[in-house]
Amino acid sequence: MKNDFQPIIYRNIHGTIFRLSLPGMISSVLETLFQLIDAYWVGRLGADALAAIGGCAFILWAVFSLTALSVNGIAALVAQNIGAQKAEEGRLAAGQGLILNTLTVIFAGGLVYLLQNDLYRLMGFDARVLSLARQYMSIILSGMIFIFWFTAFEAVFRGLGDTKTPMIVLAFGLTLNAIADPFFIFGWWIFPEMGIGGAAFATVVSELAAATGLWWLLKRRRYLPAFNRRPIIDRALMKKLMAIGAPVAFGGFFFSIIYVVLTRIIAQFGMEAIAAIGIGHRIEGIAWFACVGFSVAASTLVGQNVGAGRIKQAARAAWLVNGYGVAILLVVSAIYYFFPDVLMGVFTQDALVQKIGTDYLRIIALFEVFLALEVIMEGAFSGAGYTLAGNAGQRAHYGGPHSAGLFAGRKHRPGRQRHLVGHCHNHRLKGFFKRRFVCNRNLEKEITNGG
């Protein structure tokens, strides 16, 4: 298998960056659109239903962040082994990653299922919204393993330097989801009327189809994750996977938990505020996942260069990708700032929800550019197998910046605008910590240590 899978690092770097990042960016935006499509159709059920899926989104964010425990390691180790011309070793790493991926979803999904009522009460849901949230979440949790498996298979393709194939499969899944949503939510044609649960069921079906598609394509490419070592769990590989993925996974998990607590604060201003922030976060996710597209390029290029022993080229690739990402985020920020009412109007006709959401998008637009600096550098360090540095700045902002942001919001603004100002203080401080940490370090030295 040595010559079946060739590295992509010897091609023109600028063209390669966009060949990797554009499909990765589109794929990440498509993942956001899964939720936006649900929000579009569920919005027809009223503000309570929107509030329910908005609160569920924060919990699911916490669970999905744990996919990084396995997928970051899969992508990094596959890329490094492809760069080193050791394709079979990459398959074995992917196999261990899939085992870790499966164990993670069983544990995390089961825990959320048991504790979901307590989480909803913590967020301040009233009885009606709690019932709707439980209906939606229970169905999502039943099929969450397919979502996790999709991320694992997608990570293998990323490591191989192919981001186009997962994009196409994801587009198919999104189309299926968009078509199925109204049939299951409103009971069109021969299908039962499931209400908010129908949105969850359509998502599970589409994720199952997408995961199956990627599995079949990996099989055709003869690069399915391998499990031919005994014992089934390779402790050395598993430890390496977790060393790469744990800082990112638990960093994202604890960051998302803060938003569960923040939702309780927002609930003081009514369910319309929760609905607005839920939609706002989904729209903001487009900016976030655009950065993730460039992060994928940084991870793959750094990983394959490190595997090939090309450390200086790895560092140069990381900085080039970062520059392109910042430029894109400036454009996205302008759209959020000048057209927030148009974006909110797509998902709800409730005047109060639109007003709160418009304020949210306009304020947050001022700080979105820091996402590029944060997410892309995390991808670069992940590709090198050294995620501790890339997440140090993020860990620094978990307590202090959030607390400072919420304090500032409470001190200087009345009513429901407090949480908007608090959230923006957090983004500004988060960007400061991440930018200061990363730019004051020698990137080439860190990559060398990680490699």
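Structure: above.
Just so we're clear, the structure is a prediction, and the values are computed from it rather than from any experiment. (Residues numbered from 1 in each chain as written. Predicted model: local features only at pLDDT ≥ 70, side-chain atom pairs only at ≥ 80, totals over all residues. Heavy atoms only, no water.)

K.L.:
Help me out: how do you make sense of the pattern of salt bridges in this one?
P.N.:
Pairing between side chains of opposite charge can happen when the charged atoms of each approach one another. All chains considered together, the criterion is met by 4 salt bridges. Ionic pairing is found between Arg-91 and Glu-88, a salt bridge with its closest N-O pair at 3.1 Å. One end of the pair is Arg-91 and the other is Glu-88, both in helix 4 (residues 87-122) and 3 residues apart, which spans about a single turn. The exposure class assigned to Arg-91 is buried, which follows from its relative accessible area of 17%. In this structure, the salt-bridge partner of Asp-162 is Arg-221, at a minimum N-O distance of 2.9 Å. (Salt bridge = Lys/Arg side-chain N within 4 Å of Asp/Glu carboxyl O. Helix = DSSP H or I, 4+ residues; strand = E, 2+ residues; numbered from the N terminus. Buried < 20%, exposed > 50% of the residue type's maximum accessible area, 1.4 Å probe, protein only.)

K.L.:
Just checking my understanding: could you explain the packing of aromatic side chains for this structure?
P.N.:
Describing an aromatic ring pair means giving the distance of the ring centres and the angle of the ring planes. Inspection of the entire model under this criterion finds 14 aromatic pairs. The interplanar angle of 65° and the centroid separation of 5.1 Å between the aromatic rings of Phe-184 and Phe-191 together place this pair among those described as edge-to-face. By relative accessible area, Phe-184 is classed as buried at 12%. With relative accessibility at 29%, the residue Phe-191 sits in the partly exposed group. Measuring from centroid to centroid gives 6.1 Å for Trp-189 and Phe-191, while their planes differ by 55°, and the two rings are tilted. According to the relative accessible area criterion, Trp-189 is exposed, its value standing at 71%. Here the aromatic residues Tyr-40, Trp-41, Phe-183, Phe-184, Phe-186, Trp-188, Trp-189, Phe-191 and Phe-201 are joined through ring pairs into a cluster of three or more. Above the ring of Tyr-40, the side-chain terminus of Arg-44 is found at 4.1 Å from the ring centroid. A cation over a ring is seen here: Arg-362 above Tyr-337, with NZ or CZ 5.8 Å from the ring centre. (Phe/Tyr/Trp six-rings, centres within 6.5 Å; stacked < 30°, edge-to-face > 60°. Lys NZ or Arg CZ within 6 Å of the ring centre and 35° of its normal.)

K.L.:
Just checking my understanding: could you explain the nonpolar core for this structure?
P.N.:
Tyr-120 and Tyr-136 are the most contacted members of the largest nonpolar core, which totals 131 residues. A per-element tally of this core places helix 10 (residues 271-307) first, with 19 residues. Once residues lying within four places of it in the same chain are set aside, the contact partners of Tyr-120 are Cys-56, Ile-59, Phe-125, Leu-130, Ala-133, Arg-134 and Met-137. (Core = buried A, V, L, I, M, F, W, Y, C linked by side-chain atoms within 4.5 Å. Contact = heavy atoms within 4.5 Å.)

K.L.:
Quick question: what am I supposed to make of the side chain of Asp-234 here?
P.N.:
Mapped onto the secondary structure, Asp-234 falls in the loop between helix 8 (196-220) and helix 9 (235-267). A polar atom in the side chain of Asp-234 sits 3.1 Å from the backbone nitrogen of Ala-236. Of note is the side chain of Asp-234, whose polar atom sits 3.1 Å from the backbone nitrogen of Leu-237. (Polar contact = N/O pair within 3.5 Å; in protein donor to acceptor, adjacent residues only side chain to side chain.)

K.L.:
Help me understand the environment of Ile-328 in this model?
P.N.:
Tracing the sequence through the fold places Ile-328 in helix 11 (residues 311-338). With relative accessibility at 30%, the residue Ile-328 sits in the partly exposed group. Along the backbone, Ile-328 and Phe-294 are 34 residues apart, and their C-alpha atoms lie at a distance of 9.9 Å.

K.L.:
Is there a simple way to think about helix 13 (residues 351-364) in this case?
P.N.:
In an α-helix, one full turn covers 3.6 residues, which means residues spaced three or four apart are oriented alike. When the terminal C-alpha atoms of helix 13 are compared, their 20 Å separation across 14 residues agrees well with the 20 Å that a helix rising 1.5 Å per residue should span. One side-chain oxygen of the residue at the start of helix 13 lies 3.0 Å from the amide nitrogen of Leu-352, identifying that residue as Asp-350. (Expected span 1.5 Å × (residues − 1).)

K.L.:
Help me understand helix 11 in this model?
P.N.:
For helix 11, which comprises 28 residues, the first-to-last C-alpha distance of 42 Å matches the rise-based estimate of 40 Å (1.5 Å per residue) to within 8%. Within helix 11, burial applies to Ala-314, Ala-315, Ala-317, Ala-318, Val-321, Asn-322, Gly-325, Leu-329, Val-332, Ser-333 and Tyr-336.

K.L.:
Could you clarify how one ought to interpret the packing of helix 11 against helix 14 (residues 369-383) in this entry?
P.N.:
Helix-helix packing is characterised by the crossing angle of the two axes and by the distance between the axes. Relative orientation of the contacting elements helix 11 and helix 14 amounts to 150°, with a least axis distance of 8 Å. The pairing of helix 11 with helix 14 is recorded here as roughly antiparallel in orientation. The element helix 11 and its partner helix 14 pack so that their crossing is right-handed. Contacts between helix 11 and helix 14 involve Ala-318, Trp-319, Val-321, Asn-322, Gly-325, Val-326, Leu-329, Leu-330 and Ser-333 on the former and, on the latter, Val-369, Ala-372, Leu-373, Ile-376, Met-377 and Ala-380. Residues belonging to the contact of helix 11 with helix 14 are distributed by class as follows: 12 nonpolar, 3 polar and no charged. (Axes fitted to C-alpha atoms, helices over the stretch in contact; angles between N-to-C directions. Parallel < 35°, antiparallel > 145°, perpendicular 65-115°, else oblique. Left-handed = near helix turned anticlockwise from the far one by under 90°. Nonpolar A, V, L, I, M, F, W, Y, C, P; charged D, E, K, R; others polar.)

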